Amino acid sequence: MGCTVSRIAPFLTFQGKAEEAIHYYADTLPGATIESLVFFEEGQGGIPGTVMNGTLLFAGQRILFMDMDPATNPPAFSWATSLYLDCESEEEFDTLFKGLSQGGTVMMHEGPFMHFKQVAWVIDKYGVCWQPVLE
């Protein structure tokens, strides 16, 4: 999944679970690393101790994280938007599917679809939707 760093990055907002989620993804996504993790302090507009901003690097792509105060009524994640994972091997596909589906919901079980060797659609335990795909 080698690629250059993109100028467009997914920005995921959580309700107090961003730190837990970024560590989960760093452990679940092969080769993923946490680039930064900054927490709100008193008077900074967020709940102190929650994530003001975090950055995960995976396959050359930055994914940004933030916690929003539940009192602001932030929208929940939806399967209408998903993160497409272009897998390079069957092993990578299997690892991603297994890790991301653990504790989540499988919307489409892994299998061939159209010209793809393997496709799946998973909502992980944080509500984020992923599509691992192997051409």
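Per chain, residue numbering runs from 1 following the sequence as it is written. Where totals are concerned, whole chains, interfaces and linings use all residues; where local detail is concerned, this predicted model gives features only for residues with pLDDT of at least 70, and gives and counts side-chain atom pairs only at 80 or more. In computing side-chain properties, one takes all heavy atoms of the structure into account and sets aside hydrogens as well as water.

A closer look at the overall build of the protein
Point 1. Helices and strands together make up the secondary structure of the protein, namely two helices and eight strands.
Point 2. Here a strand is any run of E in DSSP of at least two residues, a helix any run of H or I of at least four, and the numbering for each starts at the N terminus. Reading the secondary structure of the protein in the N-to-C direction produces β-α-β-β-β-β-α-β-β-β.
Point 3. Our radius of gyration is a C-alpha quantity, and the globule rule it is checked against amounts to 2.2 Å times the number of residues to the power 0.38. For 135 residues, the compact-globule estimate of 2.2 N^0.38 gives 14 Å, and the protein sits close to it at 15 Å.
Point 4. Taken along the three principal axes of its C-alpha coordinates, the protein extends 50 × 30 × 25 Å.
Point 5. In what follows, residue pairs with any heavy atoms lying within 4.5 Å of each other are defined as contacts. Summarising the internal contacts of the protein: among those between residues at least 6 apart in sequence, 54% fall at separations of at least 24.
Point 6. Only the protein chains shown count as cover for residues, and all accessible areas are computed by the Shrake-Rupley method using a 1.4 Å probe. For the protein, the accessible area works out to roughly 7,700 Å², and carbon and sulfur atoms hold 55% of it.

Details of the sheet that holds strand 8 (residues 129-134)
Within a beta sheet, neighbouring strands are joined by backbone hydrogen bonds and run either parallel or antiparallel to one another.
Point 1. Spatial strand order, 5-8-7-6: four strands in an open sheet with mixed pairing. Taken across any chain shown, the strands that pair with only one partner, and hence form the sheet edges, are strand 5 (82-87) and strand 6 (105-113). Ignoring strand direction, the axes of neighbouring strands in this sheet form an average angle of 10°.
Point 2. In this structure, strand 7 (residues 116-123) lies alongside strand 8, joined through four bridges in antiparallel fashion. A pair of strands counts as paired when DSSP detects no fewer than two bridges linking them. An axis is simply a line fitted to the C-alpha atoms; with a helix, the fit covers only the stretch in contact. Between two such axes, the angle follows the N-to-C directions and lies from 0 to 180 degrees.

As for unusual backbone geometry
Point 1. Phi angles above zero are rare outside glycine, and alanine 59 is one such case at about 55°.
Point 2. Residue placement: alanine 59 occurs in the loop between strand 3 (51-58) and strand 4 (61-67).
Point 3. Burial classification: accessible surface area is computed with a 1.4 Å probe over protein chains only, and a residue below 20% of its type maximum counts as buried, one above 50% as exposed, and the rest as partly exposed. Note on alanine 59: relative accessible area 24%, which makes it partly exposed.
Point 4. Even without glycine at this site, methionine 114 takes up a positive phi of about 50°.
Point 5. Structurally, methionine 114 can be placed in the loop between strand 6 and strand 7.
Point 6. Accessibility expressed as a relative area gives 66% for methionine 114, which makes it exposed.

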